[in-house]
Amino acid sequence: MAKATRLVPIHPSLVALLGDMIKEYGLKPSSLLFPGEKGGMLAGSVFRRVRAKAREEILSDHEFKSPTGKRVYDLRRTCLTTWLNGGIPQAEVAEGAGNSVTVLLAICARCIVGQRDDYLRRVESLQDLPPLAA
């Protein structure tokens, strides 16, 4: 049985960072990027503990106390919301997320901010009346 895959865009700087790590550590396609102590899968408890410490070190006090990125899954929603707020079409964001537009909007619709003024300008410009003849 083939595994389902989908293309998901990531920032070029992340591609470069991961590429550097792969080269530096001589990783192969079957290698783990973050192996456990004995070379196997990293224990979830270790991952959560290290991640919690990193969040506290990196984020401002306000960000740390917010729900943004509190769980790994929250980062997915943060990413999707960022794309929507950046004006990426809903269908593109939904495809990258592996969701329908309906599901995407059920999750993220209230998080989309800062676009209303632009939309209103665009609607008004589409409906401009021609100048009156003198």
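Each remark here, short or long, concerns the structure printed above.
Reading guide: rules and limits
As a convention, each chain's residues are numbered from 1 in the sequence order in which they are written. Totals for whole chains, interfaces and linings use all residues, but because this is a predicted model, local features are given only for residues with pLDDT of at least 70 and pairs of side-chain atoms are given and counted only at 80 or more. Neither water nor hydrogens contribute to the side-chain values; these are computed over all heavy atoms in the structure. Going along the chain from the N terminus, every DSSP run of H or I of four or more residues is numbered as a helix, and every run of E of two or more is numbered as a strand. Burial classification: accessible surface area is computed with a 1.4 Å probe over protein chains only, and a residue below 20% of its type maximum counts as buried, one above 50% as exposed, and the rest as partly exposed. Here, Shrake-Rupley sampling with a 1.4 Å probe gives the accessible areas, and only protein chains in the shown set may cover a residue. A residue counts as positive if it is Lys or Arg and as negative if it is Asp or Glu; His and the chain ends are not included. All charge positions are set by atom: Lys at NZ, Arg at CZ, Asp at CG, Glu at CD. Contacts were defined at the residue level, with two residues in contact if any of their heavy atoms lie within 4.5 Å. When a carboxyl oxygen of Asp or Glu lies within 4 Å of a side-chain nitrogen of Lys or Arg, that pair is called a salt bridge.

### Let's talk about the overall build of the chain
At step 1: Helix and strand content of the chain: 7 helices and 0 strands.
At step 2: Walking the chain from its N terminus toward its C terminus, one meets helices and strands in the order α-α-α-α-α-α-α.
At step 3: Taking the principal axes of the C-alpha coordinates as reference, the chain spans close to 85 × 40 × 30 Å.
At step 4: Across the 134 residues in the chain, those meeting the buried criterion constitute 13%.
At step 5: A total of about 11500 Å² of accessible surface is found on the chain, and carbon and sulfur atoms cover 61% of it.
At step 6: Averaging the coordinates of the 19 positive side-chain charges in the chain and doing the same for the 14 negative ones gives two points 10 Å apart.

### Regarding the environment of Cys108
At step 1: Summarising the element assignment, Cys108 is placed in helix H6 (residues 101-108).
At step 2: As a C-alpha pair, Cys108 and Gly44 span 64 residues in sequence and 27 Å in three-dimensional space.
At step 3: Those residues in contact with Cys108, other than ones at most four positions away along the chain, are Leu80, Thr81 and Leu84.

### Here we look at the side chain of Arg51
At step 1: Tracing the backbone shows Arg51 in helix H2 (residues 44-58).
At step 2: Buried within the structure, Arg51 lacks any salt-bridge partner; Asp74 is the closest side chain of opposite charge, at an N-O distance of 6.8 Å.
At step 3: In this structure Arg51 touches Gly69, Lys70, Arg71, Val72 and Leu75, once residues within four positions along its chain are discounted.

Fair warning: the whole summary comes from geometry, so function is off the table for now.
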